[in-house]
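An overview of the molecular structure
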Amino acid sequence: MVNVDKLRGKIVECRMTVDDVAKIVGINAATLYRRLSGGGGAFTIDEADKIASALSLTPDELNKIFFAQYVA
């Protein structure tokens with residue numbers, strides 16, 4: 001499960017927009033918006049890798065964003 005809040009925060013921190021990230025990843029901006037809202041399916045490994053590169057994510061950030069698990 002993707003931690004959308006952390007991903008959005010990193011996008012803002014890097015002074016980018018969701019549209020910018022969509023262009024880098026090579027997907028339609030509407031698709032990325034849907035994925036961020038929870039209704040557009042999961043990210044592929046290739047897409048996660050491109051996002052991590054574009055946002056200069058550390059391995060720890062990458063794990064916390066794309067492999068977030070919420071334990072009750």
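Here, every reference points to the structure presented above.
Below: a short report on this structure. All values reported here derive from a predicted model rather than from experimental measurement. (Residues numbered from 1 in each chain as written. Predicted model: local features only at pLDDT ≥ 70, side-chain atom pairs only at ≥ 80, totals over all residues. Heavy atoms only, no water.)

**Quick word on the packing of helix H2 (residues 18-25) against helix H3 (residues 29-37)**
Keep this limit in mind: What counts as an axis is a line fitted to C-alpha atoms, over the stretch in contact for a helix, and the angles between N-to-C directions run from 0 to 180 degrees. A helix here means a DSSP run of H or I that spans at least four residues, while a strand means a run of E at least two residues long, and both kinds are numbered starting from the N terminus. If an angle is under 35 degrees, it is roughly parallel; if it is over 145, roughly antiparallel; if it lies from 65 to 115, roughly perpendicular; otherwise it is oblique. Less than a right angle of anticlockwise turn of the near helix away from the far helix marks a crossing as left-handed, whereas a clockwise turn marks it as right-handed. Any two residues having at least one pair of non-hydrogen atoms within 4.5 Å are treated as being in contact. Under the convention adopted here, Pro, Cys and the residues Ala, Val, Leu, Ile, Met, Phe, Trp and Tyr are nonpolar, Asp, Glu, Lys and Arg are charged, and Gly plus all remaining residues are polar.
Remark: H2 packs on H3, axes separated minimally by 8 Å, with the N-to-C direction vectors making an angle of 115°. The orientation of H2 relative to H3 falls into the category roughly perpendicular. Crossing of H2 against H3: the hand is right-handed. Contacts from Val18, Asp19, Val21 and Ala22 of H2 reach H3 at Ala29, Leu32, Tyr33 and Leu36. Residue classes in the contact of H2 with H3 are distributed as 7 nonpolar, no polar and 1 charged.

**Focus: the environment of Asn63**
Rules: For each residue, the accessible area found with a 1.4 Å probe, counting protein chains only, is set against the maximum for its type, and the residue is called buried under 20%, exposed over 50%, and partly exposed in between.
In this structure, Asn63 sits in helix H5 (residues 59-66). By relative accessible area, which is 42% here, Asn63 ends up partly exposed. Between the C-alpha atoms of Asn63 and Val2, which are 61 residues apart in sequence, the distance is 9.4 Å.

**So, the packing of aromatic side chains**
Just so we agree on the cut-off: The pairing test for Phe, Tyr and Trp rings, Trp by its six-membered ring, is centres within 6.5 Å, and the orientation test on the planes gives stacked under 30 degrees, edge-to-face over 60, and tilted for anything in between. Charge over a ring is defined by NZ of Lys or CZ of Arg lying within 6 Å of the ring centre and within 35 degrees of the ring normal.
A complete count under the given rule lists 1 aromatic pair for this structure. Measuring from ring centre to ring centre gives 5.7 Å for Phe43 and Phe66, while their planes differ by 90°; the resulting arrangement is edge-to-face. Linking Phe43 in the loop between H3 and helix H4 (45-54) with Phe66 in helix H5, this pair joins segments that are 23 residues apart in sequence. In terms of burial, Phe43 and Phe66 fall into one category: buried. Of note, Arg35 hangs over the ring of Phe43, and the distance from its end group to the ring centre comes to 5.6 Å.

Scope: geometric values only; no functional claims are made or implied.
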